[in-house]
Amino acid sequence: MSAWRELVAGLAADGTLTAEWTPVFEALPRSGFLPGVIWRHHVPTGRVEAVDGTREPYRWQMAAESGDPLVTQWDDGEHQGLEQGRVASSSASAPSVVAAMLADLDVRPGQRVLEVGTGTGWNVGLLARRLGAEAVTTVEVDRDLADAARAALERQGLGAVTVVHGDGFQGHRPRAPYDRVIATCGVHTIPPAWLRQCRPGGRIVAPWGTRFTRTEATVALTVAEDGRSASGPFTMLVQFMSLRAQRQDLPSYADYVTAESREKADRGTTALTLGETLANEWDISRFVLGLLVPDCAVVFDTPQGGRRPVWLCGLGDDRSWACVLFREDERPSTVYQYGIRRLWDEVEAADAWWQEQGRPGLGRLGLTVGDHGQQVWVDTPDHVVGHAVSVSAGEQGKSR
């Protein structure tokens with residue numbers, strides 16, 4: 001049995017791959033959609049390793065047939081060579097994540113699907129195998145990626161897929177309405193166009209997150225009968241490359257911590273530890289804190305003298321900041337805060353709420369989106385616990 005068939009069998013055995021999708025994965029390995037040079041991403045360590053298929057075809061095939069995510073482009077295509085680039089801008093996701101998101105999408109024969117973020121073309125190829133190539137439309141902002149994906153689909157006999165070079169943030173109105181919309185890029189806001197172009201009762205699946213952490217959660221939204229809102233649960237923690245319109249660089253230290261703000265910062269202490277709050281990007285606690293502490297970025301500084309400085313930067317015009325000098329040996333840790341917002345106080349309040357609610361995980365958390373923005377809820381949509389602002393004009397740029 002080939003490595004790919006073993007991988008697919010394992011995903012089927014543990015329930016990640018449903019019976020409907022198993023033969024589709026078997027028939028369409030992701031190796032048929034990958035470029036000659038890929039970067040294998042070992043998630044537990046964060047290590048990224050280049051593999052050149054021309055020089056090392058066996059290692060390339062093993063990477064392609066592995067369960068690891070693969071970076072396929074750096075720096076929006078400007079990067080050359082085998083070294084790691086600055087920003088990963090396209091990838092082939094881990095097969096387990098692809099399978100789980102397709103299960104969340106819950107497609108049925110006869111339905112029409114819009115995909116945002118074509119990437120290599122493998123995900124849309126799987127949809128085309130299941131539903132028929134004419135039923136699927138995919139949008140990619142990068143012309144080179146769109147062209148390469150179109151060529152790969154043609155090699156697989158799926159040339160009838162509609163591959164659009166364009167702004168996925170705007171969906172693709174000419175072929176709407178769709179029964180399903182799926183995004184393969186992380187978003188902070190669900191674009192209104194996706195909602196408008198999806199039928200009432202249809203489903204939108206996307207990785208959704210906050211500025212607080214690079215870790216998102218996939219959300220499976222059902223569009224209301226009036227077509228003006230959608231609501232649904234979070235399903236699993238993931239990390240995707242951001243929709244290009246919604247990328248954001250880390251805040252600059254100099255922009256926040258001026259001589260004046262250092263002098264006026266309030267000093268206090270906290271009993272919370274780094275491990276309980278911010279240490280692990282894959283911990284549900286950090287995702288939840290991001291839901292309740294909006295418009296805030298977290299920056300880790302270099303450890304010094306037994307302490308790990310961690311900065312919280314407000315993303316509004318007021319330039320509020322907080323710095324926690326987490327101690328490695330004991331509690332409490334020293335906290336400095338400056339600005340209109342007391343960001344660490346917000347974190348402590350969010351943590352207290354989470355503990356009081358019984359530490360709800362993704363199974364109890366969900367999202368509602370519509371004309372009035374986005375609301376995070378726990379247990380039921382009428383129990384709103386967090387708020388994310390609606391899409392701004394500045395975010396209506398190009399997508400992945």
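As the structure is a computational prediction, the values presented were derived from the model and not from experiment.

Q: I keep staring at the overall build of the chain and nothing clicks. Help me out?
A: What the chain contains, in helices and strands, is 12 helices and 19 strands. Over its C-alpha atoms the chain spans a radius of gyration of 22 Å, differing by no more than 12% from the 21 Å that the globule rule assigns to 400 residues. Once the C-alpha set of the chain is aligned to its principal axes, its extents read approximately 65 × 55 × 40 Å. Taking all 400 residues of the chain together, the buried fraction comes to 52%. Considering only contacts in the chain between residues 6 or more positions apart, those separated by 24 or more positions represent 60%. Only carbon and sulfur atoms are counted for the fraction: they give 48% of the accessible area of the chain, which is about 17,600 Å². Looking at charge distribution, the chain has the averaged site of its 40 positive side-chain charges lying 3 Å from that of its 51 negative ones.

Q: I keep staring at the packing of aromatic side chains and nothing clicks. Help me out?
A: To describe a pair of aromatic rings, one takes the distance between the centres and the angle between the planes. In total, this model carries nine aromatic pairs according to the counting rule given. Ring plane angle 40 degrees and centroid distance 5.7 Å describe the contact between Trp208 and Phe234, whose orientation is recorded as tilted. Of this pair, Trp208 sits in strand E9 (residues 198-208) while Phe234 sits in strand E11 (residues 229-238), placing them 26 residues apart in sequence. What makes Trp208 buried here is its relative accessible area of 1%.

Q: Looking at this structure, how should I read the sheet that holds strand E2 (residues 47-52)?
A: Pairing between the strands of a sheet is mediated by backbone hydrogen bonds and can be parallel or antiparallel. Read from one edge to the other, the open sheet built from four strands follows the order E2-E1-E3-E4, with strand pairing classed as antiparallel. Two strands in the sheet have a free side with no partner beyond their single neighbour: E2 and strand E4 (88-92). Averaged over all pairs of adjacent strands, the angle between their axes in this sheet comes to 40 degrees, without regard to strand direction. Looking at chain direction, strand E3 (residues 70-74) and E4 are connected through four bridges and run antiparallel. Its bridge partner lying in E4, Gln73 is registered against Ser90.

Q: Before we go on, may I ask you to explain the packing of helix H4 (residues 95-105) against helix H5 (residues 122-131) in this structure?
A: When two helices pack together, their arrangement is given by the angle between the helix axes and the distance between those axes. Direction vectors running N to C along H4 and H5 enclose 45 degrees, while the axes themselves pass 11 Å from each other. In terms of orientation, H4 and H5 fall into the oblique class. As H4 runs across H5, the sense of the crossing is right-handed. On H5, the residues touching Pro95, Val98, Leu102 and Leu105 of H4 are Trp122, Asn123, Leu126 and Leu127.

Q: Where do I start with the sheet that holds strand E16 (residues 333-338) in this structure?
A: On the basis of which strands lie adjacent, the open sheet formed by five strands has the order E12-E16-E15-E14-E13 and antiparallel pairing. Of all the strands in the sheet, just strand E12 (266-270) and strand E13 (296-300) have a single pairing partner and so form its edges. Going from strand to strand, the sheet's axes swing by 20 degrees on average, the running direction of each strand aside.

Q: Explanation requested: unusual backbone geometry in the structure shown.
A: Along the chain, Ala176 connects to Pro177 via a cis peptide bond; the corresponding omega equals 5 degrees. Its place among the elements puts Pro177 in the loop between strand E7 (162-165) and strand E8 (178-183). For Asp106, which is not glycine, the phi dihedral falls at a positive 55 degrees. Structurally, the position occupied by Asp106 is in the loop between H4 and strand E5 (113-116). According to the relative accessible area criterion, Asp106 is partly exposed, its value standing at 26%. Phi is positive for Asp295, which is not a glycine, with a value near 50 degrees. Along the polypeptide, Asp295 turns up in the loop between helix H11 (284-292) and E13.

Q: Explain the state of the cysteines to me, please; I cannot follow it from the model alone.
A: Put plainly, two cysteines are in a disulfide when a covalent bond ties their sulfur atoms together. In the structure shown here, the tally under the stated rule is zero disulfides. Its sulfur unpaired, Cys296 is 7.1 Å from the next cysteine sulfur, which belongs to Cys313. On the accessibility criterion, Cys296 (1% relative accessible area) is buried.

Q: How should the confidence of the model for the chain be read in this particular structure?
A: When pLDDT drops low, the exact placement of atoms in the prediction is not to be read closely. This prediction gives the chain a mean pLDDT of 92; 96% of its residues lie at or above 70. In the predicted structure, residues 388-400 sits below a pLDDT of 50 and forms 50 contacts with residues beyond four places in sequence or in another chain.

Q: Whenever I open this one, the side chain of Gln73 confuses me. Can you help?
A: Position of Gln73 relative to the elements: it lies in strand E3. For Gln73, the side chain forms a polar contact with the side chain of Asp142, separated by 3.1 Å. Dropping the residues within four chain positions of it, Gln73 is found in contact with Val87, Ala88, Ser89, Ser90, Asp142, Leu145 and Arg244.

About the cut-offs
- Residues numbered from 1 in each chain as written.
- Predicted model: local features only at pLDDT ≥ 70, side-chain atom pairs only at ≥ 80, totals over all residues.
- Heavy atoms only, no water.
- Helix = DSSP H or I, 4+ residues; strand = E, 2+ residues; numbered from the N terminus.
- Rg over C-alpha atoms; globule rule 2.2 N^0.38 Å.
- Buried < 20%, exposed > 50% of the residue type's maximum accessible area, 1.4 Å probe, protein only.
- Contact = heavy atoms within 4.5 Å.
- Areas by Shrake-Rupley, 256 points an atom, 1.4 Å probe, with all protein chains shown as cover.
- Lys, Arg positive; Asp, Glu negative; His and termini not counted.
- Charge placed at Lys NZ, Arg CZ, Asp CG, Glu CD.
- Phe/Tyr/Trp six-rings, centres within 6.5 Å; stacked < 30°, edge-to-face > 60°.
- Pairing = 2+ DSSP bridges.
- Axes fitted to C-alpha atoms, helices over the stretch in contact; angles between N-to-C directions.
- Parallel < 35°, antiparallel > 145°, perpendicular 65-115°, else oblique.
- Left-handed = near helix turned anticlockwise from the far one by under 90°.
- Disulfide = S-S within 2.5 Å.
- pLDDT = per-residue confidence, 0-100.
- Polar contact = N/O pair within 3.5 Å; in protein donor to acceptor, adjacent residues only side chain to side chain.

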